[in-house]
Amino acid sequence: MSALDGLPPLRDVIATHELRAKKNLGQNFLLDLNLTARIARIAGDLSKTDVIEVGPGPGGLTRGLLAEGARKVLAIEKDSRCLPALAQIAAHYPGRLEVLEGDALKIDPLEYLEQPIAICANLPYNVGTELLIRWLTPEDWPPFWSSLTLMFQKEVAERITAQPGSKAYGRLAILTQWRADARIALTLPPEAFTPPPKVSSAVVHLTALPEPRFPADLKTLERVVAAAFNQRRKMLRASLKGLSPQIEEHLTAAGIAPTDRAEQIPLENFCALARSLKSA
Ligand code: SAM
């Protein structure tokens, strides 16, 4: 039986093209097109938006994005075995799907796209966090993308959206929430994927803020947060002493008690600390 979009069901696609999942490429496929369409809808109305999809695999989410009306999808896939299946989808949606074979960490997709641009992906777990950090830390803000709709391991999704006082709160929460609104939009059990991974997953939806939530120099903030959470159990006057001989004064100026620990400090105070250090 064919799927709603007239293309073959994903199980048949996988069998036809012999797409046995490879662990080293983080391949856990979504085969339910109702689910992939639901994920595409989390990204919002894409009819006037170009979408970057990292790791389309056999094309489940790609088909969801196209069926839900994305203006154009640029899909970057490292595994050449997936290309014939993706070519079949491209033929079904003339002019709306472009596929690049290669490593998303090395390809600059911007020359292929027009603004506005959204990113939507069921990310390979081995490169997901690195890509997210890259998308969040360009020198200039706002970035080239307007929203990110990304599947992560649930535990990573919780770190992205964590609030002060929780164990999950750290570098990912701060870098994300400094420049974006972020929420967990959907949680999925392992059985939603083929093959099932060991852990649950979650879709996180981020929208880029027009400007960072609080002023701060990016590099200084990154340095502060890296040092603070590298030794998260220590008092900040100890974990941050390498940043300045007057660290206690800077902490106090930023409204932080030198005996506080990183986990308790709201984003606003980390930004104030970065400003104080930068101006010294
Ligand atoms: N989007 C498909 C889905 O939802 O069923 C596949 C998702 S699977 C979790 C991750 C995909 O990313 C795989 O197809 C894998 O080959 C691809 N991939 C892994 N590393 C990559 C990289 N560095 N650049 C581009 N694609 C990559």
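Residues numbered from 1 in each chain as written. Predicted model: local features only at pLDDT ≥ 70, side-chain atom pairs only at ≥ 80, totals over all residues. Heavy atoms only, no water.

### Brief notes about the pattern of salt bridges
Phase 1 of the analysis: Evaluated as defined, the whole model comprises 12 salt bridges.
Phase 2 of the analysis: Its salt-bridge partner being Asp 5, residue Arg 63 comes within 2.9 Å of it at the nearest N-O pair. With Arg 63 in helix H3 (residues 60-67) and Asp 5 in the segment before helix H1 (10-16), this pair connects stretches of sequence that are 58 residues apart.
Phase 3 of the analysis: What makes Arg 63 buried here is its relative accessible area of 2%.
Phase 4 of the analysis: Here Glu 263 and Arg 232 are joined by a salt bridge, their closest N and O atoms 2.9 Å apart. Separated by 31 residues along the polypeptide, Glu 263 in the loop between helix H10 (247-253) and helix H11 (267-279) and Arg 232 in the loop between helix H8 (218-230) and helix H9 (236-239) bring together distant segments of the chain.
Phase 5 of the analysis: Three or more residues joined by partner-sharing salt bridges are found here, namely Glu 139, Lys 219 and Glu 222. (Salt bridge = Lys/Arg side-chain N within 4 Å of Asp/Glu carboxyl O. Helix = DSSP H or I, 4+ residues; strand = E, 2+ residues; numbered from the N terminus. Buried < 20%, exposed > 50% of the residue type's maximum accessible area, 1.4 Å probe, protein only.)

### Examining the site of the ligand
Phase 1 of the analysis: Around the ligand, a shell composed of 20 residues is seen, among which Leu 30, Gly 55, Glu 77, Asp 103 and Asn 122 lie nearest.
Phase 2 of the analysis: Between a nitrogen atom of the ligand and a main-chain N or O atom of Lys 78, the distance comes to 3.4 Å.
Phase 3 of the analysis: Within the contact set of the ligand, a nitrogen atom lies 2.9 Å away from a backbone nitrogen or oxygen of Ala 104.
Phase 4 of the analysis: Here the ligand loses 99% of its free accessible area of 590 Å² to cover by the protein chains.
Phase 5 of the analysis: Only strand S1 (29-30) and strand S3 (72-77) provide two or more residues apiece to the shell around the ligand. (Near = heavy atom within 4 Å. Polar contact = N/O pair within 3.5 Å; in protein donor to acceptor, adjacent residues only side chain to side chain. Areas by Shrake-Rupley, 256 points an atom, 1.4 Å probe, with all protein chains shown as cover.)

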